Amino acid sequence: MAATINTYLSFKDTAKEAMAFYQSVFGGELTSSTFADYQVSEDPAEQDKIMHSMLTTPSGQVLMAADTPDSMEYTAPAGHSLSISGDDEQEIRGYWDALAGSGTEVMPLAPSPWGDSFGMCVDRFGISWMVNIAGAPAHDAQASGQGSTRESV
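Below is a summary of the structure that appears in this document. (Residues numbered from 1 in each chain as written. Predicted model: local features only at pLDDT ≥ 70, side-chain atom pairs only at ≥ 80, totals over all residues. Heavy atoms only, no water.)

1. Side note on the packing of aromatic side chains
In this description, an aromatic ring pair is defined by two values, namely the gap between the centres and the angle between the planes. By the definition in use, this model includes 8 aromatic pairs. Measuring from centroid to centroid gives 6.2 Å for Y22 and F125, while their planes differ by 65°, and the two rings are edge-to-face. Taken together, the residues Y22 in helix α1 (residues 15-26) and F125 in the loop between β7 (117-122) and β8 (128-133) connect sequence positions 103 residues apart. Judged by relative accessible area, F125 falls into the buried class, the value being 12%. A connected cluster of aromatic rings, assembled from ring pairs, spans F11, F21, Y22, F26, Y95, F125 and W129. Sitting over the face of the ring of F21, R124 holds its NZ or CZ atom 4.3 Å from the ring centroid. (Phe/Tyr/Trp six-rings, centres within 6.5 Å; stacked < 30°, edge-to-face > 60°. Helix = DSSP H or I, 4+ residues; strand = E, 2+ residues; numbered from the N terminus. Buried < 20%, exposed > 50% of the residue type's maximum accessible area, 1.4 Å probe, protein only. Lys NZ or Arg CZ within 6 Å of the ring centre and 35° of its normal.)

That's the geometry; what it means functionally is another story.
Spelled out as structure tokens, the structure:
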């Protein structure tokens, strides 16, 4: 099996709620196991916490999460964002509406200097998101007389 890099989020007692929310936003199959399922804590207060949860979206993206045990220090997420990008404007605007609508817009989703629509938000679980909807490819913009400074990578 080839190595993969996936996002793994940590929460303080809200992993179950957060992952159900992300499933409502992105769709897909959600699996979850509790601390009790794996007998990883003898503390009765921790039995229903999520030890591991995984959402696999219809497009094959994977988002994983867990609750932080009480014996470990929890630090709220900082210094990173999850990024969503693509060219299906209706699909990506739907994600934006759900994520930003549940939290705080940091930068409204709007046309950017590079020709795409871009926005930043923090959802109600404290997770930062960057959303980018691709604009018209450079050859389409030039054909319509609009020009473009966007370069292919």
